[in-house]
Amino acid sequence: MIIYEQILMVGRAHYYEGHTIDKVTFPIRVFKLLGVDTIVLTNAAGGLNPEYTVGDIVLLNDHIFLAGLAGLHPLRGPNIDEFGPRFPPLSDAYDLELRRHVHKAWKALIPPGGRKLHEGVYAFVGGPSYETRAECRLLRQIGADVVGMSTVPEIVAARHCGLRVLALSLVTNTAVLSPVPRGDDCQLRGKNTRELEVILQEGKANHEEVLEASRSAAIDMQKIVIQFIMDGFEGS
């Protein structure tokens, strides 16, 4: 009989909460020492891809780590050789075999016409403020499909440790990509302060709406992860 180590982590430490990047990724190395060889990460994210709608699930196949490129990196400093190499590659960060198992589980559980599953690229931002319209356009133009404030540092640490990675994002809000209206726009003539405020508020991210979308999709997300595990994600 084969016995697998399984650990369930409730919540995570976020960089925007004031934790150091080392603390954010600390659990990953603990998992490695405990014998875990695969991690499944989930998060809530804003949809940048116009084809995504609130409630869709995105199976991550790549990421953009602007903070890491600028030096805020979980592997910065002396390398711990016991965990992994000094310069680990990340081109294979998102395990293809695991993603294939998720697609199989999705087809078995979610009826046609139901919640949608995509594959896409996740952009990490520090938070805690939501992104501006210009920032959303920038991230979309450089290839991001969803944006969020977690997950990527853990994935970098996991791959450094040699762990297999699966990550799923729930689209809880859609980003506003249109530019902010100009103050001299002729279409604004005659509008009062309240009407101008309504125009500016259109599509603004709302934390309560994010939480509600997360609750409504949690059951489907749980079903997929459970089915994925039961299918034996260790290989086909």
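Counting from 1, residues in each chain are numbered in the order their sequence is written. For a predicted model such as this one, the threshold for reporting local features is a pLDDT of at least 70, and the threshold for listing and counting side-chain atom pairs is 80 or more; totals across whole chains, interfaces and linings nevertheless cover every residue. Processing note: side-chain calculations cover all non-hydrogen atoms of the structure and skip hydrogens and water entirely.

- Going by the annotation in an unreviewed UniProt entry, the name recorded for the chain is purine-nucleoside phosphorylase, with Aspergillus tanneri given as the source organism.
- UniProt positions are given in the numbering used here, feature names are shortened, and annotations may be inferred rather than shown by experiment. Word for word, the UniProt comment on the chain under Sequence similarities (unreviewed entry) is "Belongs to the PNP/MTAP phosphorylase family."
- Quoted verbatim from the Pathway (unreviewed entry) field of the UniProt record, the comment on the chain reads "Purine metabolism; purine nucleoside salvage."

## So, the side chain of asparagine 49
Stage number 1. Only runs of H or I of at least four residues qualify as helices and only runs of E of at least two qualify as strands under DSSP, and these elements are numbered from the N terminus. Inspection of the secondary structure puts asparagine 49 in the loop between strand 1 (38-47) and strand 2 (57-64).
Stage number 2. Only protein chains enter the accessibility calculation, which uses a 1.4 Å probe. A residue is then buried if its area is under 20% of the maximum for its type, exposed if over 50%, and partly exposed in between. In this structure asparagine 49 comes out as buried when scored by relative accessible area, which is 10%.
Stage number 3. Here aspartate 145 takes part through its side chain, which lies 2.9 Å from a polar atom of the side chain of asparagine 49.
Stage number 4. Only heavy atoms matter for contacts: two residues are in contact if any of them lie within 4.5 Å across the pair. Apart from the residues lying within four places of it in its own chain, the contact partners of asparagine 49 are Arg140 and Asp145. Think of a polar contact as two N or O atoms within 3.5 Å of one another; within protein, one of them needs to be a possible hydrogen donor and the other a possible acceptor, and neighboring residues in sequence only count if both atoms come from side chains.

## Some thoughts on helix 1 (residues 21-33)
Stage number 1. To estimate the expected span of a helix, count its residues, drop one, and scale the result by 1.5 Å. For helix 1, built from 13 residues, the straight-helix expectation of 18 Å at 1.5 Å per residue is met to within 8% by its first-to-last C-alpha distance of 19 Å.
Stage number 2. Along helix 1, the residues that are buried comprise Ile21, Val24, Thr25, Pro27, Ile28, Arg29 and Phe31.
Stage number 3. Buried-residue contacts for helix 1 involve strand 1 and helix 5 (152-160).
Stage number 4. Glycine 35 occupies a position one or two residues after helix 1 and carries a positive phi of about 100°.

## Considering the pattern of salt bridges
Stage number 1. In the sections that follow, a salt bridge refers to a side-chain nitrogen of Lys or Arg positioned within 4 Å of a carboxyl oxygen of Asp or Glu. Going through the model one piece at a time under the given rule, you end up with 8 salt bridges.
Stage number 2. Of the charged contacts in the structure, one is a salt bridge between arginine 140 and aspartate 145, with a shortest N-O distance of 3.0 Å.
Stage number 3. A relative accessible area of 27% means that arginine 140 is categorised as partly exposed.

## Looking at the pairing of strand 2
Stage number 1. The buried fraction of strand 2 amounts to 6 of the 8 residues, a majority that puts the element mostly inside the structure.
Stage number 2. Criterion used throughout: strands pair if DSSP finds at least two bridges between them. Pairing geometry for strand 2 and strand 3 (residues 117-124), over 7 bridges, is parallel. Its bridge partner lying in strand 3, aspartate 62 is registered against valine 121.
Stage number 3. Of the pairings in the sheet, the one linking strand 2 to strand 5 (residues 164-174) comprises 3 bridges and is antiparallel in character. Bridged to valine 58 within strand 5 is serine 169.

## Re unusual backbone geometry
Stage number 1. For the bond running from glycine 127 to proline 128, omega is 5°, close enough to zero to count as cis.
Stage number 2. Of note, the phi angle at threonine 151 is positive, near 75°, even though the residue is not glycine.
Stage number 3. Within the secondary structure layout, threonine 151 lies in the loop between strand 4 (146-148) and helix 5.

## Quick look at the packing of aromatic side chains
By convention here, two paired aromatic rings are described through the distance between centres and the angle between planes.
Stage number 1. Note on aromatic pairs: the rings of Phe, Tyr and Trp (six-membered ring only in Trp) are paired at centre separations within 6.5 Å, and the planes decide the class, stacked below 30 degrees, edge-to-face beyond 60, tilted for the rest. Taken as a whole and assessed by the stated rule, the structure comprises 1 aromatic pair.
Stage number 2. Consider the rings of phenylalanine 65 and phenylalanine 124, whose centres lie 5.4 Å apart with planes at 85°: the pair is edge-to-face. One end of the pair, phenylalanine 65, is in the loop between strand 2 and helix 2 (66-69); the other, phenylalanine 124, is in strand 3, with 59 residues separating them in the sequence.
Stage number 3. A ring is considered to have a charge above it if a Lys NZ or an Arg CZ atom is located within 6 Å of its centre and within 35 degrees of its normal. Sitting over the face of the ring of phenylalanine 83, arginine 29 holds its NZ or CZ atom 5.7 Å from the ring centroid.
Stage number 4. Lying across the ring of phenylalanine 87, arginine 86 places its NZ or CZ 5.9 Å from the centre.

## Things to note about the environment of glutamate 119
Stage number 1. Structurally, glutamate 119 can be placed in strand 3.
Stage number 2. Residues glutamate 119 and serine 169 lie 50 residues apart in sequence; the distance between their C-alpha atoms is 9.6 Å.
Stage number 3. Engagement of the side chain of glutamate 119 in a polar contact is seen with the side chain of asparagine 61, the distance being 3.1 Å.
Stage number 4. Within the structure, glutamate 119 has its side chain in polar contact with the side chain of arginine 99 (distance 2.8 Å).

## Focus: a nonpolar patch on the surface
Stage number 1. A contiguous nonpolar surface patch, about 390 Å² in accessible area, is contributed by Leu66, Leu69, Leu138 and Ile142.
Stage number 2. If you trace the backbone, leucine 66 turns up in helix 2.
Stage number 3. For leucine 66, a relative accessible area of 35% gives the class partly exposed. For patches, a residue must show more than 30% relative accessible area and have no salt bridge; joins then use 9 Å for like charges and 5 Å for nonpolar side chains, namely Val, Leu, Ile, Met, Phe, Trp and Tyr. Per-residue and other accessible areas were derived by the Shrake-Rupley procedure at a 1.4 Å probe size, with only the shown protein chains allowed to occlude residues.

## As for the nonpolar core
Side chains that are nonpolar tend, in soluble globular proteins, to be buried together.
Stage number 1. What is meant by a nonpolar core is a set of buried Ala, Val, Leu, Ile, Met, Phe, Trp, Tyr and Cys residues, joined one to another through side-chain atoms within 4.5 Å. Counting residues in each nonpolar core, the largest one holds 28 residues, and the members touching the most others are Ile28, Ile39, Leu60, Tyr94, Tyr122, Val146 and Ile155.
Stage number 2. Per-element accounting of this core gives the leading share, 5 residues, to helix 5.
Stage number 3. Beyond its immediate chain neighbours, meaning those up to four positions away, isoleucine 39 contacts Ile28, Phe31, Ala158, Leu163, Arg164, Val165 and Leu166.
Stage number 4. Among the nonpolar cores identified, the runner-up in size contains 15 residues, and Ile57, Leu117, Leu166 and Phe228 belong to it.

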